[in-house]
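Here are the chains, one letter per residue:
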Amino acid sequence: MDALLQGIGQVLNFQTLFLMFVGTIAGLTAGALPGLTATMAVALLVPFTFTMTSVTGLATMGAVYMAAIYGGCFSAILINTPGTPSSIGTCFDGYPMAKSGRGQEAVVGATVASVFGGLFGLVVLAFLAPPLARVALKFGPPEYFWVSVFGLSIIASLASKSLIKGLIGGVVGLLISTIGIAPIGGDVRFTFGQPMMQGGIDLVGALIGLFCISEVLSLIVQGTQSYEGVNVVHVSGVIMKTFRKVLSMPVNLIRSSVIGTVIGIIPGAGGSIANLVSYNEAVRGSKHPEKFGTGILDGVVATEAANNATVGGGLVPLLTLGVPGTPVDDSVNGALLIHGLRPGPELFTIHADVTYGFIFSLFLSTLMMLVVGLAIGTALHRLVSRLPLRLLVPSIVFLTIIGSYAIRNNTMDVFLMLACGFIGYILKEIEIHPAPIVLGLILGPLAEEGFAQSMLMAKAFPSPSHVFFGRPICIILIVMTVVSLTWPFVSAFLAKHRKGGTVNA
């Protein structure tokens, strides 16, 4: 208790609170700009924390981290471009809501859900970190392989209109993910002799191209007359109404927060997977799954609660075992080492005041994000809605080029981003949604690495089946995959059966 009080005392001073406020604004800005990810924002901040005290530096970094994950929803809702990979699913319903004049409702809903998910993940971090970290250590290559297979099974839900087209999109994403140097073996694949392509297709650049450039091309081709940009419908009391509406869906909030926290705890997964899995579960758990993708608040709430819950979840293995749960946690790990703090049991014994102060600052940052996020989100919504098409399109293209170049300072990333946009536009014209492509792109490397390492492990056993099917967590994941794949058919059968029963009655 003394350590907790000491930690809180080190946070509650003007300098730390001011830096947290500035960090929240900076994180929101970085998250909202396509290409400037949370990982990049936190990594840029690490050298500056060297001049601060341990608690102040970590508190500022935590504010940037939490706000950047949330800030990705702004561009996802307003211009159909996820600011960070954690906001991919927010585009599915957020942008249709904005186009129908409910952009502010979507922003407020995303804000409330992000705050709820963030607080949920931090509660788990504060009270259940040690036992959950031990579970995370049981994940090996076979488990990662089955996690990726389970993630790919989401295509069945994301492609509700046509399973075949969804599978085609998933295969395209998997093929794109194989470009570059193989993670195991080091073979160079599909680079066409270009050394700059050996690093593969960057995920953020591909996201910008598939979601944003394809939308811009649609606007250009269709012309101004058919432009259905973000409209503004003035509704009095929309903030409080949306607050009550979001809080009236506790199952969706808690389920998504649990998914985000659990996936955050698994090292190497992160918000890019968590937001899609939670969206899939929201579709399956809804009484009206056919409305997802048309612009309903449930989809925005599910993805935003999950991605912010990964912040607390990802810090569980980092603070207790020194294993980063998400890519952003690598930068946090670097900051801890700079300040002479070694992740592990020492953080909760010798440096307990710093650790509890850091966790307390994350709670404050999440609440600060609620106020700042609502103000900035409302202002951005009004700005985008009032921009004419002749200014909006060049502005979006300019931001996408700057963002894709800034990822690795590589001009090839800009051309690849534009190529992905062109491919995304063609696929969109034949009604293949970019979501399955992105899912294949995210999970492809995870599946390949897990499979290759599992096959190497299998050499020590009489049969590979022992590695893939003989471990308890693998069996659970296989069952979840089978349920996920068959659920659309089962739910359709049950709906048909109920309908038939109603008619007969």
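See the structure shown above.
The rules behind the values
Residues numbered from 1 in each chain as written. Predicted model: local features only at pLDDT ≥ 70, side-chain atom pairs only at ≥ 80, totals over all residues. Heavy atoms only, no water. Helix = DSSP H or I, 4+ residues; strand = E, 2+ residues; numbered from the N terminus. Buried < 20%, exposed > 50% of the residue type's maximum accessible area, 1.4 Å probe, protein only. Contact = heavy atoms within 4.5 Å. Areas by Shrake-Rupley, 256 points an atom, 1.4 Å probe, with all protein chains shown as cover. Core = buried A, V, L, I, M, F, W, Y, C linked by side-chain atoms within 4.5 Å. Salt bridge = Lys/Arg side-chain N within 4 Å of Asp/Glu carboxyl O. Axes fitted to C-alpha atoms, helices over the stretch in contact; angles between N-to-C directions. Parallel < 35°, antiparallel > 145°, perpendicular 65-115°, else oblique. Left-handed = near helix turned anticlockwise from the far one by under 90°. Nonpolar A, V, L, I, M, F, W, Y, C, P; charged D, E, K, R; others polar. Arc of directions from axis to C-beta. Phe/Tyr/Trp six-rings, centres within 6.5 Å; stacked < 30°, edge-to-face > 60°.

J.: Quick rundown of the overall build of the chain? Include the residues and the values.
T.: The secondary structure content of the chain amounts to 21 helices and two strands. Counting only residues that meet the buried cut, the chain has 55% of its 505 residues in that class. Contacts spanning at least 24 positions in sequence make up 78% of the contacts within the chain whose residues lie at least 6 apart. When the accessible surface of the chain is summed, it comes to about 21,600 Å², and 70% of that surface belongs to carbon and sulfur atoms.

J.: Which residues make up the side chain of Glu143, and what values go with them?
T.: You can see Glu143 is positioned in helix H7 (residues 141–152). A relative accessible area of 2% places Glu143 in the buried class. Filtering out sequence-adjacent residues up to four positions away, Glu143 remains in contact with Lys138, Arg471, Ile473, Cys474 and Leu477.

J.: For helix H5 (residues 90–99), give the residues involved together with the corresponding values.
T.: The buried fraction of H5 is high, at nine of ten residues. By the burial criterion, the buried members of H5 are Thr90, Cys91, Phe92, Asp93, Gly94, Tyr95, Pro96, Met97 and Ala98. Phi for Gly101, located one or two positions after H5, is positive at around 90°.

J.: Could you give an account of the nonpolar core, with specific residues and numbers?
T.: Residues Ile77, Leu125, Leu315 and Val332 are the most contacted members of the largest nonpolar core, which totals 76 residues. The dominant element in this core, judged by the number of residues it contributes, is helix H4 (residues 54–79), at 17 residues. The contact partners of Val332, leaving out residues within four places of it in the chain, are Val42, Met61, Tyr65, Leu315, Leu318 and Phe358. Tyr279, Leu427, Val438 and Ile442 belong to the second-largest nonpolar core, a separate cluster that totals 40 residues.

J.: Which residues make up the pattern of salt bridges, and what are the values?
T.: Scanning the model with the defined rule gives five salt bridges in all. A salt bridge links Glu448 to Arg189; the nearest nitrogen and oxygen atoms lie 2.6 Å apart. Residue Glu448 is found in helix H19 (residues 434–458), and its partner Arg189 is found in strand E2 (residues 188–189); the two are separated by 259 residues along the sequence. Of the residues examined, Glu448 reaches a relative accessible area of 25% and is grouped as partly exposed. Between Glu281 and Arg284 there is a salt bridge, with the nearest N and O atoms lying 2.6 Å from each other. In this pair, Glu281 and Arg284 are both assigned in helix H13 (residues 271–285), three residues apart and thus about one turn of the helix distant. Comparing Glu281 with Arg284 shows no difference in burial state: the two are buried. Residues joined in a network through salt bridges with shared partners are Arg102, Glu105 and Lys245.

J.: Can you explain the packing of helix H2 (residues 14–32) against H4? Please cite residues and give values.
T.: The interhelical angle for the contact between H2 and H4, taken along N-to-C directions, is 30°, at an axis separation of 6 Å. Considered as vectors, H2 and H4 are oriented roughly parallel to each other. Our pair here, H2 against H4, has a crossing hand that is right-handed. Contacts from Thr16, Leu19, Met20, Gly23, Thr24, Gly27, Leu28, Gly31 and Ala32 of H2 reach H4 at Thr56, Ala59, Thr60, Ala63, Val64, Ala67, Ala68, Tyr70, Gly71, Gly72, Phe74 and Ser75. Within the contact of H2 with H4, the residues separate by chemical class into eleven nonpolar, ten polar and no charged.

J.: Pulling in residues and values, what's your account of helix H11 (residues 238–247)?
T.: Since the α-helix advances by 3.6 residues per turn, residues separated by three or four positions end up pointing in the same direction. Val238, Thr242 and Val246 are the residues of H11 that are buried. Down the axis of H11, the smallest arc covering the buried residues is 65°, so these residues share one side. Relative to its buried face, H11 has exposed residues pointing more than 90 degrees away, namely Arg244 and Leu247.

J.: Before we move on, could you go through the packing of aromatic side chains and cite the residues and values that matter?
T.: Summed over all chains, the structure comprises nine aromatic pairs. Ring geometry for Phe145 versus Phe451: centroids 5.5 Å apart, planes at 50°, classification tilted. Of this pair, Phe145 sits in helix H7 while Phe451 sits in helix H19, placing them 306 residues apart in sequence. When its relative accessible area of 40% is taken as the criterion, Phe451 is described as partly exposed. Members of the aromatic cluster, each reached through a chain of ring pairs, are Phe145, Trp146, Phe451, Phe468 and Phe469.

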